[in-house]
Amino acid sequence: MSDPNTFIDELNQRLDKLRQDGLSRQLRVVESPQGATIQIGQESLLNFSSNDYLGLANEPRLKAAAEMALGEFGAGSGASRLICGSLKVHHQLEEKLAEFKRTEAAIVFSSGYATALGTIAALMGPGDVIVLDKLVHASIVDAAKLSGARIRVFPHNDLNKLESILKWATQQNRGGETSQILVVTESIFSMEGDRGLLLEIVRLKEQYGAWLMVDEAHATGLYGQRRSGLIEALDLGSHVEVQMGTLGKALGAAGGYICGSRTLIDYLVNRARSFVFSTAPVPAATAAAQAAIDIIASSEGATRCAQLWRNARTARGCIGEPSDVPPADESAIIPVHIGDEERAVQLSTHLRRGGIFIPAIRYPTVARGKARLRLTVTAAHTTAHLATLAKVWANAVMSP
Ligand SMILES: *Cc1c(COP(=O)(O)O)cnc(C)c1O
């Protein structure tokens, strides 16, 4: 029998290595709801790290919708959707999402992560080719691996490389059995805050007969006339086979979704394993997401977005970056590239002493040696919050 201590010893060694590399991470207990300020232990901090871009996570109308659903349907969903957990509230959300995105149908999962995993692994298999932008989210990378398909990666937004991969993949097809090609990218990239070149990618995927999946995790709620995302803003809905997003960021709730054709959704209901073999999302979160869509699609959504973009411009100025971002580049995510892991942690510590919460983002969330502060703004930040950011930031960057 092996020494029971070797298990703990082995894990401790691995943790020590993370500490040595400046990559060890810990949970912080947040004692308040999400908002422009959060309470961590005894400290009240200005929060510039949340994905609650429109300030909806603690919005009374979302909470009221959640409470209603809790009263009507209970705390838990009881089973997977295909057994007896497919509650009316789930169907209502799916109808609302399809209308919001102007697609035939929608399906919701318990998280964005589960959405990517179930969807990509259902659509693609061994022999197929999945083509990924280098910077896509971990959930997409994991899903691609799980599918067993061949994976090809192009440097971020490198259209030439994408085209050469597509050329290669279609030549493979001519040589023998047909395989599918799926390109996956994001509309707004989670760590860079920049845009996938969707128009160009659509042109390429159509030229080469590939399918396209776009993750709108950081765009849903923020772009387009209805604010359903960048696909709407660019009028590409009919060109993107698989539209993905999360309900946990600008929508202030929890869960993930796929919007697309009725056929796609029927297929996923049957084949997406993270849907089939997982308890249905809780009624409260499902109802909160509906309330969020109602707010976002109304004129109030437009007002909140306008405030968000004003705040984003101001915040850029606060940290000494150009604030005259053209509307076509607007994003709530402002990455401040540091590189060295320890320096990024140091800067974050200085900011925290000044009452500003922006954790350092390190490997494995971004590549090694590409540590950064990922500053995010929300519609809930006030002029006073932003003034504090400017002051504390100036001090922190001067500190050794
Ligand atoms: C957050 C995120 C996800 C995962 O969504 P969750 O609902 O948080 O699980 C997927 N893709 C991207 C780009 C994300 O930023």
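Thresholds, definitions, all that
Residues numbered from 1 in each chain as written. Predicted model: local features only at pLDDT ≥ 70, side-chain atom pairs only at ≥ 80, totals over all residues. Heavy atoms only, no water. Salt bridge = Lys/Arg side-chain N within 4 Å of Asp/Glu carboxyl O. Helix = DSSP H or I, 4+ residues; strand = E, 2+ residues; numbered from the N terminus. Buried < 20%, exposed > 50% of the residue type's maximum accessible area, 1.4 Å probe, protein only. Pairing = 2+ DSSP bridges. Axes fitted to C-alpha atoms, helices over the stretch in contact; angles between N-to-C directions. Contact = heavy atoms within 4.5 Å. Right-handed = clockwise from strand over helix to strand, strands pointing away. Near = heavy atom within 4 Å. Polar contact = N/O pair within 3.5 Å; in protein donor to acceptor, adjacent residues only side chain to side chain. Areas by Shrake-Rupley, 256 points an atom, 1.4 Å probe, with all protein chains shown as cover. Core = buried A, V, L, I, M, F, W, Y, C linked by side-chain atoms within 4.5 Å. Phe/Tyr/Trp six-rings, centres within 6.5 Å; stacked < 30°, edge-to-face > 60°. Lys NZ or Arg CZ within 6 Å of the ring centre and 35° of its normal. Parallel < 35°, antiparallel > 145°, perpendicular 65-115°, else oblique. Left-handed = near helix turned anticlockwise from the far one by under 90°. Nonpolar A, V, L, I, M, F, W, Y, C, P; charged D, E, K, R; others polar.

(A) Structural view of the pattern of salt bridges. Taken as a whole and assessed by the stated rule, the structure comprises 17 salt bridges. For the salt bridge of Arg-61 with Glu-300, the shortest nitrogen-to-oxygen distance reads 2.8 Å. Linking Arg-61 in helix H2 (residues 60-73) with Glu-300 in helix H13 (residues 299-318), this pair joins segments that are 239 residues apart in sequence. With a shortest N-O distance of 2.6 Å, Lys-96 and Asp-294 are connected by a salt bridge. Of the two residues, Lys-96 sits in helix H4 (residues 88-101) while Asp-294 sits in helix H12 (residues 283-297), which places them 198 residues apart along the sequence. For Asp-294, a relative accessible area of 43% corresponds to the partly exposed category. In the salt-bridge network here, residues are joined through shared partners; they are Glu-59, Arg-61, Glu-300 and Arg-304.

(B) Region of interest: the sheet that holds strand E9 (residues 256-260). Judged by pairing direction, the sheet is mixed, and its seven strands sit side by side in the order E3-E9-E8-E7-E6-E4-E5 without closing on themselves. Edge positions in the sheet fall to strand E3 (105-109) and strand E5 (150-154), since each has one partner strand and no second. Across the sheet, the mean angle separating the axes of adjacent strands is 20° when strand polarity is ignored. Across three bridges, the pairing between strand E7 (residues 211-215) and strand E8 (residues 242-246) is parallel. Residue Val-214 lies in a different strand from E8, and its bridge partner there is Gln-243. Against the sheet, helix H5 (residues 112-123) touches E3, strand E4 (129-133), strand E6 (181-186), E7, E8 and E9, its axis set at about 160° to E8. Along the sheet face, helix H10 (residues 262-271) touches E3, E8 and E9 and points at about 140° away from the line of E9.

(C) Main features of the pairing of E6. Where burial is concerned, most of E6 is hidden: six out of the six residues are buried. Of the two faces of E6, both are covered, the one formed by Ile-181, Val-183 and Thr-185 as well as the one formed by Leu-182, Val-184 and Glu-186. Where E4 and E6 come together, four bridges link them in parallel fashion. Bridge pairing links Val-131 to Val-183 in E6. Examined bridge by bridge, E6 and E7 share five bridges and lie parallel to one another. Bridging from a neighbouring strand, Glu-186 pairs with Asp-215 of E7. In terms of handedness, the path from E6 via helix H8 (residues 198-207) over to E7 forms a crossover that is right-handed.

(D) Representation of the site of the ligand in the model. Taken together, 14 residues are adjacent to the ligand, and Gly-112, Asp-215, His-218, Thr-246 and Lys-249 come closest. A distance of 2.5 Å separates an oxygen atom of the ligand from a polar atom in the side chain of His-218. For the ligand, an oxygen atom lies 2.6 Å from a polar atom in the side chain of Lys-249. Relative to its unbound accessible area of 380 Å², the ligand is 83% covered by the protein chains. Those elements that place two or more of their residues in the shell around the ligand are H5 and E8.

(E) Local environment of the nonpolar core. Of all hydrophobic cores here, the largest spans 83 residues; its most connected members are Leu-375 and Leu-389. In terms of residue count, H12 provides more of this core than any other element does, nine residues in total. Sequence-distant contacts of Leu-375, defined by excluding residues within four places in its chain, comprise Phe-48, Ala-315, Ile-319, Ala-332, Ile-333, Ile-334, Ile-358, Leu-389 and Trp-393. Of all hydrophobic cores here, the second largest spans 29 residues; its members include Leu-123, Met-124, Val-184 and Met-244.

(F) Fine view of the packing of aromatic side chains. For the coordinates displayed, the defined rule picks out two aromatic pairs. A centroid spacing of 5.8 Å and a plane angle of 70° characterise the contact between Phe-109 and Phe-275, whose relative ring orientation is edge-to-face. On the criterion of sequence distance, the pair formed by Phe-109 in strand E3 and Phe-275 in helix H11 (residues 273-276) is long-range, its members being 166 residues apart. Where Tyr-223 meets Trp-309, the ring centres are 5.4 Å apart and the plane angle is 35°; that geometry is what we call tilted. Highlighted residues: Tyr-223 in the loop between E7 and helix H9 (230-233) and Trp-309 in helix H13, separated in sequence by 86 residues. Comparing Tyr-223 with Trp-309, the two get one shared label, buried. Over the aromatic face of Tyr-363 sits the side chain of Arg-368, whose NZ or CZ is 4.0 Å from the ring centroid.

(G) Molecular detail of the pairing of E4. With five of five residues buried, E4 is to be regarded as a mostly interior element. Covered by surrounding structure in E4 are Val-129, Val-131 and Asp-133 together with Ile-130 and Leu-132, the residues of both alternating faces. Of the strand pairs in this sheet, E4 and E5 are connected by five bridges, and their pairing is parallel. Looking across to E5, one finds that Asp-133 is bridged to Phe-154. Between the parallel pair E4 and E5, the chain is carried across by helix H6 (residues 138-147), and the sense of this crossover is right-handed.

(H) Spotlight on the packing of H5 against H6. Following both chains from N to C, one finds H5 and H6 inclined at 30°, their axes separated by 8 Å at the closest point. Classed by the angle they form, the pair H5 and H6 counts as roughly parallel. Crossing handedness for the pair H5 and H6: right-handed. Residue-level contacts link Tyr-113, Ala-116, Leu-117, Ile-120 and Ala-121 of H5 to Ser-139, Ile-140, Asp-142, Ala-143, Ala-144, Leu-146 and Ser-147 of H6. Looking at the contact of H5 with H6 residue by residue, the classes come out as nine nonpolar, two polar and one charged.

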